[in-house]
Amino acid sequence: MNKPREDGAIAINRRARFDYEIEETFEAGLALVGSEVKSLREGKANIAESYVSPERDEVWLINSDIPTYGPANRFNHEPRRHRKLLLKRREIAKLQGAVAREGRTIIPLRLYFNDRGMAKLLIGLAKGKKTVDKRQTIKDRDWNKQKARLMKERG
């Protein structure tokens, strides 16, 4: 049984910062059922292939995977159901405007429990990176690794 990490993170979307340039982040609550919370407490979730979609005056997390909780039996949830995100009206309007007018994308970055034990989702308003930008990101990452290695060797 995997437990959540020390910082409370349950799932992290590692590809998000590589594929997208994150402009702004928002913390959103999730409307979950009991068996989903139990499954999250066990540290089981996947947000890698998921995305966020503003529809009407609501924002939804689509295609996220929270596996079923064994002991819940027949009262279990559907693993890939659409989950409503809880945000303030002003934040929802800002996200809808950015997606409609500027062609931005809303990406889930991190699923975690906050200090009060509530499940939260960190979402980012993002712009897709071009292949050239991705190459530059790889070069920067490799250079930082090499630099750290040299500093470690030479003291």
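Everything that follows concerns the structure shown earlier in this document.
The rules we used
- Residues numbered from 1 in each chain as written.
- Predicted model: local features only at pLDDT ≥ 70, side-chain atom pairs only at ≥ 80, totals over all residues.
- Heavy atoms only, no water.
- Pairing = 2+ DSSP bridges.
- Helix = DSSP H or I, 4+ residues; strand = E, 2+ residues; numbered from the N terminus.
- Phe/Tyr/Trp six-rings, centres within 6.5 Å; stacked < 30°, edge-to-face > 60°.
- Lys NZ or Arg CZ within 6 Å of the ring centre and 35° of its normal.
- Salt bridge = Lys/Arg side-chain N within 4 Å of Asp/Glu carboxyl O.
- Expected span 1.5 Å × (residues − 1).
- Buried < 20%, exposed > 50% of the residue type's maximum accessible area, 1.4 Å probe, protein only.
- Patch = residues over 30% accessible without salt bridge, like charges linked within 9 Å, V, L, I, M, F, W, Y side chains within 5 Å.
- Areas by Shrake-Rupley, 256 points an atom, 1.4 Å probe, with all protein chains shown as cover.
- Lys, Arg positive; Asp, Glu negative; His and termini not counted.
- Charge placed at Lys NZ, Arg CZ, Asp CG, Glu CD.

*Asks:* What am I meant to see in the pairing of strand β2 (residues 20–30) here?
*Replies:* Sheet topology places β2 next to strand β7 (residues 119–128); nine bridges connect them, and they run antiparallel. Note that in β7 the partner of G29 across the bridge is K120. Relative to strand β5 (residues 83–86), β2 is paired through two bridges, and the arrangement is antiparallel. By the bridge assignment, G29 is partnered in β5 with L86.

*Asks:* Could you clarify how one ought to interpret the packing of aromatic side chains in this entry?
*Replies:* How two aromatic rings sit relative to each other is given by the distance of their centres and the angle of their planes. Tallied over the entire structure, the rule returns zero aromatic pairs. One Lys or Arg, R41, reaches over the ring of F113 and ends 4.1 Å from the middle of that ring. Above the face of the Y112 ring, R110 is positioned so that its terminal group lies 4.6 Å from the ring centre.

*Asks:* Looking at this structure, how should I read the pattern of salt bridges?
*Replies:* Oppositely charged side chains can form a pair if their charged atoms are brought close together. Evaluated as defined, the whole model comprises ten salt bridges. Between R104 and E23 there is a salt bridge whose closest N-O contact spans 2.9 Å. Here the residue R104 occupies a position in the loop between α3 (89–102) and β6 (105–113), and E23 occupies one in strand β2, the gap between them amounting to 81 residues. Close ionic contact of E36 with R83 constitutes a salt bridge, the shortest N to O distance being 2.8 Å. Taken as a pair, E36 in helix α2 (residues 34–41) and R83 in strand β5 lie far apart in primary sequence, 47 residues in all.

*Asks:* In this structure, what is going on with α3? I would like to understand it.
*Replies:* For an α-helix, the turn length of 3.6 residues means that residues three or four places apart are oriented alike. Over its 14 residues, α3 runs 19 Å from end to end, which matches the ideal 20 Å to within 8%, given 1.5 Å per residue. Within α3, the full set of buried residues consists of I92, L95, G97 and A98. Looking one or two residues beyond α3, the residue adopting positive phi is G103, at roughly 70°.

*Asks:* Where do I start with a positive patch on the surface in this structure?
*Replies:* Together, R14, R141, K145 and R149 give the surface a local cluster of positive charge. Secondary-structure assignment places R149 in helix α4 (residues 131–154).

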